[in-house]
Amino acid sequence: MAVAPPSYCFVAFPPRAKDGLVVFGKNSARPRDEVQEVVYFSAADHEPESKVECTYISIDQVPRTHAIVISRPAWLWGAEMGANEHGVCIANEAVSTREPAAETEALLGMDLVRLGLERGETAKEALDVIVSLLEEHGQGGNYYEDASSCHSFQSAYLIVDRDEAWVLETIGKYWAAEKVTEGVKCICNQLSLTTKMDAEHPELRNYAQSQGWWTGEDEFNFSEVFSPADDHLDCCAGKDSLEKQEESITVQTMINILRDKASGVCIDSESFLTTASIVSVLPQNRSSPCIHYFTGTPDPSRSIFKPFIFVDDVKLVPKAQSPCFGDDDPAKKEPRFQEKPDRRHELYKAHEWARAVLESGQEQGHKLRKTMLELEKQGLEAMEEILTSSDPPDLAEVGDLFYDCVDTEIKFFK
């Protein structure tokens with residue numbers, strides 16, 4: 001059975017997080033050479049009875065979808081992580097469970113991330129969207145752009161808004177969820193729910209009994225019932241990283257945690273790499289905007305987190321988007337993935353040069369790192385001003401924000 005790469009998602013609520021802010025973060029650990037793009041889709045109205053084509057299957061479209069910004073492996077439709085205009089953030093994790101995931105093509109966990117963002121105005125609404133689609137269409141299919149074997153996984157999700165978070169863990173169409181409104185929470189590639197479940201599939205316990213995994217007499221512990229026998233349940237180097245923070249958690253704290261290779265949160269192994277990262281700040285005060293920082297490039301310890309804010313007129317950023325191959329894309333043709341096109345976007349290519357310089361460890365690398373962190377710091381300080389100011393931000397400037405940051409980064413690398 002395929003081994004799920006150890007990605008990590010985090011959320012911190014006040015008072016652990018600073019100044020009435022909810023802070024969300026995720027590292028996406030994926031195959032080393034996979035490219036992630038950052039894409040914005042505006043809100044849209046859809047014709048009655050229209051369909052939406054997900055990665056492998058088409059499903060019924062809804063009358064209206066929300067504006068979203070997502071980071072996704074460039075070959076698929078869904079998202080590893082992202083946010084919508086209503087301040088909902090979702091990230092998913094491939095999880096190892098007792099029951100192998102279906103190889104039959106259905107919805108991918110990543111499709112469900114995007115569908116939850118497009119259709120949910122709150123974290124709870126997004127959760128309801130995901131579980132109803134799971135019930136209707138199931139999950140399955142290859143998680144990687146790999147013709148030689150099918151890597152299929154069950155999924156866990158961290159779904160967050162300004163008020164609360166939901167941890168949703170799934171096995172096929174069965175699921176359980178826990179609501180979180182305080183403290184910190186980390187999820188990774190192991191099941192984490194135990195006996196506290198605030199919502200669950202109506203047949204979940206019957207199903208566990210029918211498989212012989214639960215007697216019906218002991219207390220029902222989700223992780224114990226559904227985890228593989230060899231799984232030692234210590235989710236998260238990440239959990240420690242977050243919990244041992246003595247000071248209140250800020251955007252910078254979350255970025256530092258995502259950059260930490262020693263703890264294992266930032267993956268850089270033979271097969272896997274943190275191919276993209278996100279940090280989001282969701283102020284509980286609704287008059288302040290939510291701010292979402294994306295890298296759009298691999299290895300957060302060698303990347304710049306760049307801010308994005310939803311406004312009506314967001315400037316698109318083609319330089320952070322991969323080339324589009326349309327119906328000729330090998331991911332869309334069956335048999336799938338017979339070849340791998342070059343999916344690198346302009347930002348990714350520019351950043352490859354920077355990674356090589358930084359890895360060299362030479363004087364030039366140290367200087368480059370210092371300048372990159374300085375660029376990032378300017379962005380963070382400008383966003384801090386927006387959050388603390390009593391005046392609303394300049395909408396035209398905010399609409400160009402992510403575009404300008406990507407543009408500056410590329411020029412700087414050249």
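Remember, it's a predicted structure, so these values are computed and weren't measured experimentally.

Caption draft 1: Examining the nonpolar core more closely. Of all hydrophobic cores here, the largest spans 88 residues; its most connected members are Phe10, Leu158, Phe220, Phe222, Phe226, Val279 and Tyr293. Per-element tally for this core: the top contributor is helix α8 (residues 363–388), with six residues. Filtering out sequence-adjacent residues up to four positions away, Phe220 remains in contact with Thr194, Thr195, Met197, Leu204, Arg205, Ala208, Trp214, Val225 and Phe226. One finds Ile59, Ile70, Ile90 and Leu168 within the second-largest nonpolar core, a separate group that totals 30 residues.

Caption draft 2: Examining the pairing of strand β2 (residues 21–31) more closely. The buried fraction of β2 is high, at 11 of 11 residues. Relative to β2, strand β1 (residues 8–12) runs antiparallel, the two sharing five bridges. The partner of Tyr8 across the bridge, within β2, is Asn27. By the bridge criterion, 11 bridges tie β2 to strand β16 (residues 272–283) in an arrangement that is antiparallel. Residue pairing in the sheet places Arg30 in a bridge with Leu273 of β16.

Caption draft 3: How the structure looks around the state of the cysteines. A full pass over the atoms with the stated rule returns zero disulfides. Here Cys150 is not disulfide-linked; the sulfur of Cys54 is the nearest cysteine sulfur, at 17 Å. Of the cysteine sulfurs around Cys324, a residue in no disulfide, the closest is that of Cys54, at 16 Å.

Calculation criteria
- Residues numbered from 1 in each chain as written.
- Predicted model: local features only at pLDDT ≥ 70, side-chain atom pairs only at ≥ 80, totals over all residues.
- Heavy atoms only, no water.
- Core = buried A, V, L, I, M, F, W, Y, C linked by side-chain atoms within 4.5 Å.
- Buried < 20%, exposed > 50% of the residue type's maximum accessible area, 1.4 Å probe, protein only.
- Helix = DSSP H or I, 4+ residues; strand = E, 2+ residues; numbered from the N terminus.
- Contact = heavy atoms within 4.5 Å.
- Pairing = 2+ DSSP bridges.
- Disulfide = S-S within 2.5 Å.

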